[in-house]
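# Residue-level structure breakdown
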Amino acid sequence: MKHMITIFCTLLFISGCSSSPDGMPGSSDNSGPPSKWFEIGHYEAITGNDVKDNTVLSEWYGEAEINRTSYLQGFAKGQDELCQPEKIADLAKTNKEFPASCNSVANAEQLKNSWQQLIEK
């Protein structure tokens, strides 16, 4: 009996160490592939779109459940990639619109001003 308790406790300990806090494998680290909602958020941001609410995402992608956290994390990563002074300058030089996804970054006003100056040249 003592041997069975030891085995049970060991298995319980191992299974507790191998899963993430929310019970989803790989959700607490960045070692696995990005989720569908992360990819969607990332795509929305790097293509210059504004963040979408869950109702719109549900309608567009035909799914009732939206992983909002993952979507917003992907969106933030896309903003980090797109909303850089040199990329905004490239958009302005080719007469492209200022990306809506950059409207909510910390330096949005500065980016928009530099974009506007280049557009007017």
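Structure's up top.
Reference entry: report on the structure contained in this document. Please read these numbers as outputs of a predicted model, since none were measured by experiment.

Bringing the environment of S101 into the picture now. Assignment of secondary structure puts S101 in the loop between helix 5 (85-93) and helix 6 (108-119). Exposure remark for S101: the relative accessible area of 0% places this residue in the buried category. With 52 residues separating them in the primary sequence, S101 and N49 have C-alpha atoms 5.2 Å apart. The residues contacting S101, other than those within four sequence positions of it, are A45, G48, N49, D50, F75, Q79, L82 and C83. Engagement of the side chain of S101 in a polar contact is seen with the backbone oxygen of A45, the distance being 2.7 Å.

Once that is clear, we can look at unusual backbone geometry. Positive phi, close to 55°, is recorded for N95, a residue that is not glycine. Summarising the element assignment, N95 is placed in the loop between helix 5 and helix 6.

Moving on, we come to the side chain of E44. For E44, the position within the fold is in helix 2 (residues 36-46). Its relative accessible area of 2% is what places E44 among the buried residues. Setting aside residues no more than four positions away along its own chain, E44 makes contact with N49, D50, K52, W60, Y61, Y71 and F75.

Here we come to the packing of helix 5 against helix 6. It is at 9 Å that the axes of helix 5 and helix 6 come closest, and there the two elements cross at 30°. It follows from the interaxial angle that helix 5 and helix 6 lie roughly parallel. For the crossing formed where helix 5 meets helix 6, the hand is right-handed. Where helix 5 approaches helix 6, its residues P85, I88, A89, L91 and A92 are matched on the opposing element by L111, W115, L118 and I119.

Reading guide: rules and limits
- Residues numbered from 1 in each chain as written.
- Predicted model: local features only at pLDDT ≥ 70, side-chain atom pairs only at ≥ 80, totals over all residues.
- Heavy atoms only, no water.
- Helix = DSSP H or I, 4+ residues; strand = E, 2+ residues; numbered from the N terminus.
- Buried < 20%, exposed > 50% of the residue type's maximum accessible area, 1.4 Å probe, protein only.
- Contact = heavy atoms within 4.5 Å.
- Polar contact = N/O pair within 3.5 Å; in protein donor to acceptor, adjacent residues only side chain to side chain.
- Axes fitted to C-alpha atoms, helices over the stretch in contact; angles between N-to-C directions.
- Parallel < 35°, antiparallel > 145°, perpendicular 65-115°, else oblique.
- Left-handed = near helix turned anticlockwise from the far one by under 90°.

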